[in-house]
Amino acid sequence: MFQPLYEFANSDQAKILVEGGGISSDTGKPKNIYMKGIFVQGDVRNQNGRIYPFSEIRNAVQSINERIRQGESVCGESEHPEGLNINIDRISHVIEGMWMDNANGEGKLRILPTPHGQVIRTLLEEGIKLGVSSRGEGQVDSAGYVSNFSIVTVDIVMNPSAKDAVPNVVYEALRKQKNFQEIDKLSKVVHNDPSAQKYLTSELLKIIDNL
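Throughout what follows, the structure given in this document is the object of discussion. (Residues numbered from 1 in each chain as written. Predicted model: local features only at pLDDT ≥ 70, side-chain atom pairs only at ≥ 80, totals over all residues. Heavy atoms only, no water.)

**Describing the nonpolar core**
With 30 residues, the main nonpolar core has Met-35, Phe-39, Ile-111, Val-132, Phe-149 and Ile-151 as its most contacted residues. For this core, the secondary structure elements donating two or more residues are β1 (3–9), β3 (33–40), α1 (54–69), β5 (91–101), β6 (104–111), α2 (115–125), β7 (130–140) and β8 (146–158). Discounting chain neighbours no more than four positions away, the residues touching Ile-111 are Ile-33, Met-35, Ser-92, His-93, Gly-117, Ile-120, Arg-121, Leu-124 and Ile-156. (Core = buried A, V, L, I, M, F, W, Y, C linked by side-chain atoms within 4.5 Å. Buried < 20%, exposed > 50% of the residue type's maximum accessible area, 1.4 Å probe, protein only. Helix = DSSP H or I, 4+ residues; strand = E, 2+ residues; numbered from the N terminus. Contact = heavy atoms within 4.5 Å.)

**Description of the packing of aromatic side chains**
Scanning the entire structure with this criterion turns up one aromatic pair. On the numbers, 4.8 Å between centres and 75 degrees between planes, the contact of Tyr-52 with Phe-149 is edge-to-face. A residue pair is termed long-range when its members are at least 10 positions apart, and Tyr-52 in the loop between β3 and α1 and Phe-149 in strand β8 qualify at 97 residues. If you follow Lys-108 out to its NZ or CZ, it ends over the ring of Tyr-34, 4.5 Å from the centre. (Phe/Tyr/Trp six-rings, centres within 6.5 Å; stacked < 30°, edge-to-face > 60°. Lys NZ or Arg CZ within 6 Å of the ring centre and 35° of its normal.)

**Observations concerning the sheet that holds β5**
As summarised here, the arrangement of the five strands in space is β2-β3-β6-β5-β4, forming an open sheet in which the pairing is antiparallel. The strands lining the two open edges of the sheet, one partner per strand, are β2 (17–20) and β4 (75–77). For this sheet, the mean inter-axis angle between neighbouring strands, taken without regard to orientation, is 35 degrees. Here β2 pairs with β3 via four bridges, running antiparallel. Note on β3: the bridge partner recorded for Glu-19 is Tyr-34. (Pairing = 2+ DSSP bridges. Axes fitted to C-alpha atoms, helices over the stretch in contact; angles between N-to-C directions.)

Below, the structure written as structure tokens:
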């Protein structure tokens, strides 16, 4: 039976490098900013107890590259949405390519000037560490080995170690909102409720879109 598979790697685990950024002296426009690193780790048991064999990672990487070669834009989102579909209003980046490094599937993505992409760009330029999380599907046996794996995309996510921190650049902008006090109070109330945290995150992203 196929099932959705989400695999998180924080900035250090994924060895994320941020490239580019700043303003072009020639055009006066923002330069492209990229994130490069490990998108999917292979041949080790991950924090979800699953093992992705080298052959599964290789096939998934080849599939992503073939989609790109055929002209498809393989876009990702900021944080995981519900389901495997790509939500056009939440796109933040596009994957430019993937390759194998030993058993790992590495890749490079470019941040887009969309509302969610602008938030990601600002966080990166302010020194906030962001991780990546692959979104796909496959079959998992009783020992945790994954087969028939395919990657739908790779999303950008906050590091677990930073889940309780509100980046200053966003925090200061939120302070200007009329309902900031209610938001601040609610964030404390839902601290230990994952479902409520997810809902709050969704609502905050809507506010960020309008900053």
